[in-house]
Structure formats: structure tokens, C-alpha cells
Amino acid sequence: MTTVYMITNNYLLKNPIIYKKEVSDEQKREDNLLSFKGEKTASELLKREELKKVKTIYSSTYKSAIGSAKYLSEELDLPIYIDSRLKERRIGVLTGNDETFLKETQTHDFDYKYPSGESLNMVIERMKTCLKDILFHNEEEVVAVFTHDIALESLFTIWCDKGYSLENQMILNYKDNVIIDGGYHKTRLFRLDFEGDKLRNITWEQEKEL
């Protein structure tokens, strides 16, 4: 059995980072740092007995994900493997619409994308390929993966039944239990158990925004 913990941390710095030269919106998202609460939340992962069994740590290229992974890395004396395939969905060029419109449209049309952006099907493909590599290189081990909400939700559509809430938010059900409820969560921790590359079970914890 291979166990993969997938973790997201959305306690981000609210004050904007000021750049002295032009930087793309995508780079700004990638550079966004954890807030004090985000750092504290990440450090509290060390209290979890199950995470002390982790043998390999992966993170997206986002500074917030690396900032979340660093505490576990230092505690367990393990390197962090950075993989760009674990990044959040690339939004692309806003063409008179906004991110809310994009999210609502993409949950119904997995091929829809903005110019230079990614569709959910594109995100699913890179996340699926990344997970396959992680499972291949860490058979019978425990792994921690620090990623992001939409990337994670896209991956889970592989195993879950899809529906929609009254607010038209995507709902995902796994074994008749709601695993993605369409709400915004400050932190998420999912445990995925695999035999080879076959998923056997998912358990989860999610902290909603108050």
C-alpha cells in the first residue's frame, strides 16, 4: 500500500507584494506568501503522528506550497522535490471576464480556457501524470504532496461522481460521501491509499473559512 497525503494551505498574505518592474499575474500568484496564520498552520502539521511516517515530500513551484512543506522537510530531514505539474490551474489572459466567471464556466465545460490559460482537462492530465510518477518512485511508502485547490479538485474528478450545488458550485462524491462541497476551505488534507496505481480509498479533513 502506498499512501499519498495531499495538502493545501490557503492562508495567504493579504498585503500585496510590490514589484519594481512588470510581473505577470501568474507570477504574482506563484510568488504569494503564506500569512502568519498560514505559517502557523503549516508548522502544526508536525503534531500529526501519521505525517511522521512520510518518506518523500513534493511541492508545487508556488512559494506558499513550498512554505507549507518546509516545516515537514526540516522536521523529517527530507528534501522537497519541486514539480511544476502540481501548480494551480493557469488562469491566462482575462478577456473582459473575471476569475469567478472562469471557475463557473470551467466546472461545466472542462475544455474551456482563457487565452494562454489551462482548461480543467489540461490540469487533470498533468496532475494524473505527476501522480503516476510519484506512485512509481515511492511504492509502499508514505508521501506528502503540497498542491492547490483547483488542481486537486480536477484530479479528484477521475474517481468521483460529479454534481452541482444550488449555487452552481461543483460537488464531488466519493463512495456516496461528499468529498468536494463547492465551498472555500482554508486548509485541506486528503489521504489517498493506492495498491500499485489503483486508488483504494480517500479520507479527508477540510477547514472552512469562518
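Check the entry above for the structure.
Residues numbered from 1 in each chain as written. Predicted model: local features only at pLDDT ≥ 70, side-chain atom pairs only at ≥ 80, totals over all residues. Heavy atoms only, no water.

How should the overall build of the protein chain be read in this particular structure?
On a plain count of helices and strands, the protein chain comes out with 6 helices and 9 strands. By the compact-globule yardstick of 17 Å for 210 residues, the protein chain fits well, its C-alpha radius of gyration being 17 Å. Principal axes of the C-alpha set define a box for the protein chain whose edges measure 50 × 45 × 35 Å. When the accessible surface of the protein chain is totalled, it reaches about 11400 Å², and 50% of it is carbon and sulfur. (Helix = DSSP H or I, 4+ residues; strand = E, 2+ residues; numbered from the N terminus. Rg over C-alpha atoms; globule rule 2.2 N^0.38 Å. Areas by Shrake-Rupley, 256 points an atom, 1.4 Å probe, with all protein chains shown as cover.)

Quick question: what am I supposed to make of the packing of aromatic side chains here?
Two aromatic rings, taken as a pair, are described by how far apart their centres are and by the angle between their planes. Taken as a whole and judged by the stated rule, the model has 6 aromatic pairs. With a centroid separation of 5.9 Å and 50° between ring planes, the pair formed by F156 and W159 is classed as tilted. Pairing W159 with F194 gives two aromatic rings, centres 6.2 Å apart and planes at 65°, and the pair type is edge-to-face. With W159 in the loop between helix 6 (149-156) and strand 5 (161-164) and F194 in strand 8 (residues 185-195), this residue pair connects regions lying 35 residues apart in the sequence. Of the residues examined, F194 reaches a relative accessible area of 1% and is grouped as buried. A network of ring pairs unites the aromatic residues F156, W159, F190 and F194 as a single cluster. Above the ring of Y11, the side-chain terminus of K37 is found at 5.6 Å from the ring centroid. One Lys or Arg, K162, reaches over the ring of F110 and ends 4.3 Å from the middle of that ring. (Phe/Tyr/Trp six-rings, centres within 6.5 Å; stacked < 30°, edge-to-face > 60°. Buried < 20%, exposed > 50% of the residue type's maximum accessible area, 1.4 Å probe, protein only. Lys NZ or Arg CZ within 6 Å of the ring centre and 35° of its normal.)

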